[in-house]
Amino acid sequence: MDKFDIAIIGAGPGGYTAAFEALRHGYKTVLIEEREIGGTCLNRGCIPTKTYMYASEAYLSARDSSDIGINAETVSVDMKKLLEYKNSVTEKISSSVESQLKRGGAQLIKGRAVISGAGRIHISDTDTEITADNIIIATGTEPTKIRFEGSDLDGVMDSDAMLSADNLPERLVIVGGGVIGMEFASIYSALGSSVTVIEALDKILANFDRDLSQNLKLILKKRGVDIHTSSMLKRIEKINENLICTYEEKGNIHTANADRVLIAIGRKPTASSLFTADYKNVSIDPKGYIITNDKFETTVPKIYAIGDITGRIQLAHAAEAEAINCINIIAGESTVCDLNTIPSCVYTDPEIASAGLNEQRAITEGIDYKVLKYAFHSNAKSVLTRQERSFVKILIDPVTETVLGAQMMCARATDMIGEFVTAVDNHLTVGDIKKCVRPHPTYNEAIWDLLRDL
Ligand SMILES: Cc1cc2nc3c(=O)[nH]c(=O)nc-3n(C[C@H](O)[C@H](O)[C@H](O)COP(=O)(O)OP(=O)(O)OC[C@H]3O[C@@H](n4cnc5c(N)ncnc54)[C@H](O)[C@@H]3O)c2cc1C
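The text that follows walks through the structure, step by step, so that each part is easy to find. These numbers come from a predicted model, not from an experiment. (Residues numbered from 1 in each chain as written. Predicted model: local features only at pLDDT ≥ 70, side-chain atom pairs only at ≥ 80, totals over all residues. Heavy atoms only, no water.)

**Concerning the overall build of the chain**
Here comes step 1: Scanning the chain from N- to C-terminus turns up 14 helices and 22 strands.
Here comes step 2: Taken over C-alpha atoms, the radius of gyration comes to 23 Å for the chain, in line with the 22 Å a tight globule of 454 residues would show.
Here comes step 3: With the C-alpha coordinates of the chain rotated into their principal frame, the extents come out at 70 × 65 × 45 Å.
Here comes step 4: In the chain, buried positions account for 52% of the 454 residues.
Here comes step 5: Counting contacts in the chain only where the partners sit at least 6 residues apart, residues at least 24 apart contribute 61% of the total.
Here comes step 6: A total of about 20,900 Å² of accessible surface is found on the chain, and carbon and sulfur atoms cover 50% of it.
Here comes step 7: Mean positive and mean negative side-chain charge positions of the chain (49 and 61 charges, respectively) differ by 1 Å. (Helix = DSSP H or I, 4+ residues; strand = E, 2+ residues; numbered from the N terminus. Rg over C-alpha atoms; globule rule 2.2 N^0.38 Å. Buried < 20%, exposed > 50% of the residue type's maximum accessible area, 1.4 Å probe, protein only. Contact = heavy atoms within 4.5 Å. Areas by Shrake-Rupley, 256 points an atom, 1.4 Å probe, with all protein chains shown as cover. Lys, Arg positive; Asp, Glu negative; His and termini not counted. Charge placed at Lys NZ, Arg CZ, Asp CG, Glu CD.)

Here it is in structure tokens:
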């Protein structure tokens, strides 16, 4: 029976980052994965959707640039080719991660891992068993499947299936106006689908700042996306090739017709079959997430959990940061990453990004704050690239002028938010970030303009 210092279950961004960090510390490391290296992020999440986002931007800029002298007469979308491109991107990154892991000395095992005791893992596909001093669970989540009338119909799919489809639906209904739903709405409407969004809550992107969600709704509505908030899907029926979605909006019954329906109502943990029947000592909360403390320790010594499976923040970079800290904790060293400010991004057009405190949370928690807001009307880069409704909003402490948080909606917001993560984590003041020179012309310059105007 092989024995390791650290065994990691799941090779998503949490698992493979833990493996790299463990190798860096000189640990004998094994990584067990039942599907592809890269997990949800690389194969069914971040990278596939951002590849489609990139393609949709390329399509729109070719199609809509005759007024600036760029004529492309026969611009069209070839979904089969786009799917091939997306697959080639994910395969390239996945095989690069795999070869780096192997070169670093990690042992990779393909199969389904089941924890059969403290320090013992059974790999069901090969009927082998390994032991490890420490086990890290990084098994992530999968799309939530709910049963309702019509949920099994052909054409009703989750995000995994959407990202494997090789044709573009003419009419797409998206159930769920969260991050995943709105990214698909932005991408597919840009590629040419007629998109309807049905969201149960009273706003899209419910966890984000109200200004961000309202402005995105206005922009997407202007582009023809039909968004219904406070609306509940009741059922889906299929008549001929038509999927008819019946939903209730503010007490009234309506229907929306589609060729495809994306159910994007959330994700569920994958911990239910992770333990043998006689070994269930690791505590799991009522929703199925693994319970951990702030050192990633589960209720069993030397079994840790990181990433989406803990139900904390379900983002790839959060899983990576947790992985790095977890290995350093196992090694008895200080943690490296500050987990207090995890930026959240939405890859719509325009992009949305948020870090630290937002107004709704400040009000709920009774935190004193002052808002600095700047619309990008006169930012040269935004004007020349024809951006719409862009803004940055910074929350500061009214007395010390320390930066508490920032929300942005503009081109490249997801790249620029890092500046505010640095500011919040290091308790920088407006004065600290104002004195640093930004290059011209850039979107980033807008931040400098805002601060200089104070
Ligand atoms: C459509 C979509 C878009 C997204 N976009 C973004 C984005 O832009 N930015 C961002 O930060 N996040 C994004 N996310 C979220 C991101 O993908 C997750 O937060 C991230 O993948 C979590 O990493 P993880 O390592 O915890 O788990 P995962 O990436 O889910 O990896 C878990 C792995 O464990 C494996 N596994 C499970 N059980 C077992 C077992 N018993 N034995 C062996 N292997 C097992 C699974 O096969 C999987 O490969 C997106 C998600 C989706 C669905």
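**Considerations on the environment of Leu172**
Here comes step 1: In this structure, Leu172 sits in strand β9 (residues 171-175).
Here comes step 2: A relative accessible area of 0% places Leu172 in the buried class.
Here comes step 3: As for Leu172 and Leu243, which are separated by 71 residues in sequence, their C-alpha atoms are 9.7 Å apart.
Here comes step 4: Residues within four places of Leu172 in sequence aside, it is in contact with Met162, Tyr188, Ser193, Ser194, Val195, Thr196, Arg260 and Leu262.

**Focus: the sheet that holds strand β20 (residues 370-375)**
Here comes step 1: With respect to topology, five strands assemble into an open sheet ordered β18-β19-β22-β21-β20, the strand pairing being antiparallel. The open sheet terminates on both sides in strands that have one partner only, identified here as β18 (344-346) and β20. Adjacent strand axes in the sheet meet at a mean angle of 10°, parallel and antiparallel pairs treated alike.
Here comes step 2: Relative to strand β19 (residues 351-356), β18 runs antiparallel, the two being bridged by three bridges. Within β19, the residue paired with Val346 across the bridge is Ile352.
Here comes step 3: Together, β20, β21 (391-396) and β22 (403-410) form the strand contacts of helix α14 (residues 445-452), whose direction differs from that of β20 by roughly 125°. (Pairing = 2+ DSSP bridges. Axes fitted to C-alpha atoms, helices over the stretch in contact; angles between N-to-C directions.)

**Comments concerning the nonpolar core**
Here comes step 1: Of all hydrophobic cores here, the largest spans 34 residues; its most connected members are Met182 and Tyr188.
Here comes step 2: Looking at this core, the elements that each hand over two or more residues are α3 (46-63), α4 (79-104), β9, α6 (179-191), β10 (194-198) and α7 (210-222).
Here comes step 3: It is α6 that provides the largest number of residues to this core, a total of six residues.
Here comes step 4: Ignoring anything within four residues of it in the chain, the contact list for Tyr188 reads Tyr52, Met79, Met162, Leu168, Pro169, Leu172, Ser193, Val195 and Arg260.
Here comes step 5: With 28 residues, the next largest nonpolar core counts Val392, Ile396, Val424 and Leu450 among its residues. (Core = buried A, V, L, I, M, F, W, Y, C linked by side-chain atoms within 4.5 Å.)

**Points about the sheet that holds strand β13 (residues 242-249)**
Here comes step 1: With antiparallel pairing, the three strands of this open sheet are ordered in space as β12-β13-β14. Single-partner strands in this sheet number two, and they are β12 (231-239) and β14 (252-258). When the angles between neighbouring strand axes are averaged without regard to direction, this sheet yields 25°.
Here comes step 2: Relative to β13, β12 runs antiparallel, the two sharing eight bridges. Bridge pairing in β13 places Met232 opposite Glu248.

**Quick look at the site of the ligand**
Here comes step 1: Near the ligand there are 37 residues, and of these Gly14, Glu33, Thr40, Lys50 and Ala316 occur at the shortest range.
Here comes step 2: Interatomic distance of 3.4 Å between a backbone N/O atom of Pro13 and an oxygen atom of the ligand.
Here comes step 3: At a separation of 3.3 Å, an oxygen atom of the ligand approaches a polar side-chain atom of His317.
Here comes step 4: Summarising the interface, the protein chains cover 95% of the accessible area of the ligand, which totals 1,000 Å² for the free molecule.
Here comes step 5: Broken down by secondary-structure element, the contributors of at least two residues to the shell around the ligand are α1 (13-24), β2 (29-33), α2 (39-44), α3 and α8 (316-330).
Here comes step 6: The greatest single-element share of the shell around the ligand, amounting to four residues, is contributed by α2. (Near = heavy atom within 4 Å. Polar contact = N/O pair within 3.5 Å; in protein donor to acceptor, adjacent residues only side chain to side chain.)

**Observations concerning the pairing of strand β6 (residues 128-137)**
Here comes step 1: Taken across its 10 residues, β6 has seven buried, putting it largely inside the fold.
Here comes step 2: The pairing of strand β1 (residues 2-9) with β6 spans seven bridges and is classified as parallel. Bridge pairing in β6 links Ile6 to Asn134.
Here comes step 3: Sheet analysis places strand β5 (residues 120-123) next to β6, joined by four bridges and oriented antiparallel. If you follow His122 over to β6, its bridge partner there is Glu129.
Here comes step 4: Hairpin remark: β5 followed by β6, antiparallel, with four residues in the connecting loop; positive phi at Asp127, about 50°.

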